[in-house]
Each structure stands twice: as C-alpha cells, then as structure tokens.
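One letter stands for each residue in the lines below.
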Amino acid sequence: MRLIERVVRGIWTPSSHEILQPSFSSKACLSASIVFICQHLGFFSAPFSAIYFSVVCFFVYFSISAQILGFFDPFVPFEKVICVVIFGGLVDAVGKLFSRTEQQTSPPSDETAKHKSD
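Definitions and cut-offs
Numbers given to residues run from 1 along each chain, matching the order in which its sequence is written. Whole-chain, interface and lining totals are the exception, using all residues; otherwise, since this is a predicted model, local features are given only for residues with pLDDT of at least 70 and side-chain atom pairs are given and counted only at 80 or more. Hydrogens and waters are ignored; side-chain quantities use all the structure's heavy atoms. Secondary structure counts use DSSP, requiring at least four H or I residues in a row for a helix and at least two E residues in a row for a strand, with both numbered from the N terminus. Burial classification: accessible surface area is computed with a 1.4 Å probe over protein chains only, and a residue below 20% of its type maximum counts as buried, one above 50% as exposed, and the rest as partly exposed. Only heavy atoms matter for contacts: two residues are in contact if any of them lie within 4.5 Å across the pair. Computed with a 1.4 Å probe, the accessible areas rest on the Shrake-Rupley method; for each residue, only the protein chains presented here act as cover. Note on aromatic contacts: the rings of Phe and Tyr and the six-membered ring of Trp form a pair at centre separations within 6.5 Å, being stacked when their planes are under 30 degrees apart, edge-to-face when over 60 apart, and tilted otherwise. On a range of 0 to 100, pLDDT expresses the predictor's confidence in each residue. Whenever a helix is involved, its axis is fitted only over the stretch in contact; in every case the axis is a line through C-alpha atoms, and angles between N-to-C directions fall within 0 to 180 degrees. Between 65 and 115 degrees an angle is taken as roughly perpendicular, under 35 as roughly parallel, over 145 as roughly antiparallel, and anywhere else as oblique. Under the convention adopted here, Pro, Cys and the residues Ala, Val, Leu, Ile, Met, Phe, Trp and Tyr are nonpolar, Asp, Glu, Lys and Arg are charged, and Gly plus all remaining residues are polar.

Caption draft 1: Summary view of the overall build of the chain. Along the backbone of the chain there are six helices and zero strands. Reading the chain from its N terminus to its C terminus gives the helix and strand order α-α-α-α-α-α. For the chain, buried positions account for 12% of its 118 residues. Across the chain, every contact between residues at least 6 apart in sequence was considered, and the portion connecting residues at least 24 apart equals 36%. When the accessible surface of the chain is split by element, carbon and sulfur atoms take 69% of a total near 10,000 Å².

Here you go:
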C-alpha cells in the first residue's frame, strides 16, 4: 500500500522499498515467524505458550529499549557478519592481509636499493 501511495504522490524511488531496507519490526516479525515454524516442525520441544511468551517479551523489551535508550536494531551486528561472509568481504580482506604481509616480508630489490642510496 505504501508503494502505491508513493507512486501517486510522485516521490517513488526504487531503493525505498520495504523489502530492500526492512525496518526492525519487519525483521523481528520474520524471525518470530521462523521460530514459530521451527516449533511447529518439531525443532523445539518447548510448548507453544512458552515460545509465544518469549517472542512477546522480545518485542516488548526492544520496544522499550528503543524508546528509553535509543537502541533501535539489534539485528545489525548479525547482518554485518552475514554480509561479510556471504558477499565475499571476508575473502577479500584476508587476501589483502596476506598480500600486505608478503610485500612487507619480501627483501628489497636491486632497484629500490639504488634509489635509497642516491
């Protein structure tokens, strides 16, 4: 509905879609639904009422902490780690680290020694 409203008002931008930049509420609802599905499939042996109570406590705690402490999205640290692992930032960082150590440990060539003596 929000997408249609933005198109009608004339301020639609593709990057402002909820799927591309989900809010904390969307992420929390998705994670809660995954927990409920896992409980339904038998991955958790806890009763439904206990899981429901823990999900409600999660929502209430982070809503209150957002209002009082200004803490808005507890999923950000997990998202950063997952993005680094999935999208190759970790491989690139390790590759750069090893290339730097190889450059630092390699002996100077004859040309660099001549330039330093001048």
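Caption draft 2: Up close: the environment of Tyr52. Here Tyr52 shows up in helix 3 (residues 48-68). Looking at Tyr52, the relative accessible area reads 46%, which means it is partly exposed. Put simply, Tyr52 and Val35 are 17 residues apart on the chain and 9.4 Å apart in space, counted from C-alpha to C-alpha.

Caption draft 3: Local environment of the packing of aromatic side chains. Tallied over the entire structure, the rule returns ten aromatic pairs. Aromatic side chains Phe24 and Phe58 sit 6.3 Å apart centroid to centroid with 40 degrees between the ring planes, which places their arrangement in the tilted category. Separated by 34 residues along the polypeptide, Phe24 in helix 2 (residues 24-41) and Phe58 in helix 3 bring together distant segments of the chain. Between Tyr61 and Phe62 the ring centres are 5.0 Å apart and the planes differ by 75 degrees, which places this aromatic pair in the edge-to-face class. The exposure class of Tyr61 is exposed, given its relative accessible area of 53%. Members of the aromatic cluster, joined through ring pairs, are Phe24, Phe58, Phe59, Tyr61, Phe62 and Phe75.

Caption draft 4: A look at the side chain of Lys27. Tracing the sequence through the fold places Lys27 in helix 2. For Lys27, a relative accessible area of 14% corresponds to the buried category. Setting aside residues up to four positions removed in sequence, Lys27 forms contacts with Pro22, Asp73, Phe75 and Glu79.

Caption draft 5: Just helix 4 (residues 76-86), in detail. The element helix 4 is largely exposed, with a buried count of zero among its eleven residues. Positive phi shows up at Gly88, right after helix 4, with a value of about 90 degrees.

Caption draft 6: Seen up close, the confidence of the model for the chain. In this model, the chain carries an average pLDDT of 78, and 75% of its residues clear a pLDDT of 70 or more. Summarising per-element confidence for the chain, the mean pLDDT is lowest in helix 6 (residues 110-117) (55) and highest in helix 2 (90).

Caption draft 7: Looking closely at the packing of helix 2 against helix 3. Contact geometry of helix 2 with helix 3 gives a least axis separation of 11 Å together with a crossing angle of 170 degrees. By the angle class used here, helix 2 and helix 3 are roughly antiparallel. Only Phe48, Ile51, Tyr52, Val55, Phe58, Phe59 and Phe62 of helix 3 make contact with helix 2, whose side of the interface consists of Phe24, Ala28, Cys29, Ala32, Val35, Phe36 and Gln39. Residues of the contact of helix 2 with helix 3, tallied by class, amount to 13 nonpolar, one polar and no charged.

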